[in-house]
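What follows is each chain in one-letter form.
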Amino acid sequence: NAGVTQTPKFQVLKTGQSMTLQCAQDMNHNSMYWYRQDPGMGLRLIYYSASEGTTDKGEVPNGYNVSRLNKREFSLRLESAAPSQTSVYFCASSEVVRQANQPQHFGDGTRLSIL
Amino acid sequence: AQKVTQAQTEISVVEKEDVTLDCVYETRDTTYYLFWYKQPPSGELVFLIRRNSFDEQNEISGRYSWNFQKSTSSFNFTITASQVVDSAVYFCALSEALAGAGKSTFGDGTTLTVKP
């Protein structure tokens, strides 16, 4: 049972470089999310997607872009990485069943360091 | 706007002690969902429990129990007879029905250390 798969698990970038974090889920969920986790600050929502073809900004979207390629995949792109974007990034998915919000399922995270 | 407060940043207990993690939330929505997640030192996030705003029944699952009180906007989590394996960061989260897409707001987490 793969659940939510994130790649890569670790990445080091130089300031100004770009990269895309990949996420795929195999649970047929409509909703997908990208969070960043910084020490002592819990999880902050960057972007989310309620369904294929739609994306919306979360709490901290600046410096990021996303693509909901299909129902399974939701990618996060850093166009010009900055040291402030050093963090652990989590992708998650969930479903709203009969108008009831279900728990989110998380990937294992990507540790991103920007020098 | 929805908000979740976990006032306890860190808690340290000795094995076999009982420990309660506090969670207070704010919402204007009448339909909402509360969750607890666990993040062990290995880093993954694991779902523990979900409650909806219409069900205030407390729940016990093994050594874990949850106390949901709408009157005080609290959803506290108790571990009875704690074990070293309970050491983790615990997150409380709130998801409003009106927010759409099943979005959740997370508290900042409580780091629990259980010493042998």
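Procedures and definitions
- Residues numbered from 1 in each chain as written.
- Chains lettered and ligands numbered in written order.
- Predicted model: local features only at pLDDT ≥ 70, side-chain atom pairs only at ≥ 80, totals over all residues.
- Heavy atoms only, no water.
- Helix = DSSP H or I, 4+ residues; strand = E, 2+ residues; numbered from the N terminus.
- Buried < 20%, exposed > 50% of the residue type's maximum accessible area, 1.4 Å probe, protein only.
- Contact = heavy atoms within 4.5 Å.
- Areas by Shrake-Rupley, 256 points an atom, 1.4 Å probe, with all protein chains shown as cover.
- Lys, Arg positive; Asp, Glu negative; His and termini not counted.
- Charge placed at Lys NZ, Arg CZ, Asp CG, Glu CD.
- Disulfide = S-S within 2.5 Å.
- Core = buried A, V, L, I, M, F, W, Y, C linked by side-chain atoms within 4.5 Å.
- Pairing = 2+ DSSP bridges.
- pLDDT = per-residue confidence, 0-100.
- Salt bridge = Lys/Arg side-chain N within 4 Å of Asp/Glu carboxyl O.
- Phe/Tyr/Trp six-rings, centres within 6.5 Å; stacked < 30°, edge-to-face > 60°.

Caption draft 1: Inspection of the overall build of chain A at higher detail. Looking only at helices and strands, chain A has zero helices and 13 strands in total. The helix and strand sequence of chain A, counted from the amino end, reads β-β-β-β-β-β-β-β-β-β-β-β-β. Overall size of chain A, expressed as C-alpha extent along the three principal axes, is 45 × 30 × 30 Å. Counting all 115 residues of chain A, 49% fall into the buried class. Excluding contacts between residues fewer than 6 apart, the proportion of contacts in chain A whose partners are at least 24 apart in sequence is 54%. Entry remark: accessible area of chain A is about 5,600 Å², with carbon and sulfur atoms responsible for 47%. The centroid of the 11 positive side-chain charges in chain A is displaced by 4 Å from the centroid of its 9 negative side-chain charges.

Caption draft 2: Region of interest: the state of the cysteines. All names here are of chain A. Throughout the structure, instances matching the rule amount to two disulfides over all chains. Two residues share a disulfide in this structure: Cys 23 and Cys 91, whose sulfurs sit 1.8 Å from each other. Between Cys 23 and Cys 91, the S-S dihedral sits near -75°, and the bridge is therefore left-handed. Here Cys 23 is found in strand β3 (residues 19-25), whereas its partner Cys 91 is found in strand β9 (residues 87-94), with 68 residues between them in sequence. For the pair formed by Cys 23 and Cys 91, the shared burial category is buried.

Caption draft 3: Looking closely at the nonpolar core. Counting 23 residues, the largest nonpolar core has B:Trp36, B:Phe75, B:Phe77, B:Tyr90 and B:Leu112 as the members making the most contacts within it. Looking at this core, the elements with two or more residues in it are β2 (10-14), β3 (19-21), β5 (32-39), β8 (64-69), β9 (74-79), β10 (88-96) and β12 (110-115) of chain B. Of all the elements, β10(B) adds the most residues to this core, at four residues. Excluding residues within four positions of it along the chain, B:Phe75 makes contact with B:Cys23, B:Leu34, B:Phe35, B:Trp36, B:Ile49, B:Arg51, B:Trp66, B:Asn67, B:Phe68 and B:Cys92. Listed in part, the 20 residues of the second largest apolar core include A:Trp34, A:Val60, A:Val66 and A:Ala81.

Caption draft 4: Layout of the pairing of strand β7 (residues 64-68) of chain A. Residue and element names in this part refer to chain A. With burial as the criterion, only one face of β7 is covered, namely that bearing Tyr 64, Val 66 and Arg 68; the residues Asn 65 and Ser 67 on the opposite face remain uncovered. Two elements, β7 and strand β8 (residues 74-78), share five bridges in a ladder whose sense is antiparallel. The partner of Ser 67 across the bridge, within β8, is Ser 75. What sits between the antiparallel neighbours β7 and β8 is a turn of five residues.

Caption draft 5: Highlighting the environment of A:Leu78. Residue and element names in this part refer to chain A. Residue placement: Leu 78 occurs in strand β8. By relative accessible area, Leu 78 is classed as buried at 0%. Each C-alpha atom, one on Leu 78 and one on Tyr 64, is 5.1 Å from the other, the two residues being 14 residues apart in sequence.

Caption draft 6: Up close: the confidence of the model for chain A. For chain A, mean pLDDT is 94; residues scoring 70 or higher make up 99% of the total. Looking at the elements of chain A, mean pLDDT is at its lowest for strand β10 (residues 96-97) of chain A, recorded as 82, and at its highest for β8(A), recorded as 98.

Caption draft 7: Molecular detail of the pattern of salt bridges. Residue and element names in this part refer to chain A. Under the counting rule described, the total for this entry stands at seven salt bridges over all chains. A salt bridge links Arg 36 to Asp 38, with the nearest nitrogen and oxygen atoms 3.0 Å apart. Like Asp 38, Arg 36 is buried.

Caption draft 8: Just the packing of aromatic side chains, in detail. The final tally for this structure, using the stated rule, is 19 aromatic pairs over all chains. Measuring from ring centre to ring centre gives 6.3 Å for B:Tyr25 and B:Phe68, while their planes differ by 45°; the resulting arrangement is tilted. One end of the pair, B:Tyr25, is in strand β4 (residues 24-26); the other, B:Phe68, is in strand β8, with 43 residues separating them in the sequence. Accessibility assignment for this pair places B:Tyr25 and B:Phe68 in one class, buried. Relative to B:Phe47, the ring of B:Phe35 lies with its centre 6.4 Å away and its plane at 65°, an arrangement referred to as edge-to-face. Placement of the pair is B:Phe35 in strand β5 and B:Phe47 in strand β6 (residues 46-52), with a sequence separation of 12 residues. Taken together, A:Tyr33, A:Tyr35, A:Phe90, A:Phe106, B:Phe35, B:Tyr37, B:Phe47 and B:Phe106 form an aromatic cluster joined through their ring pairs.

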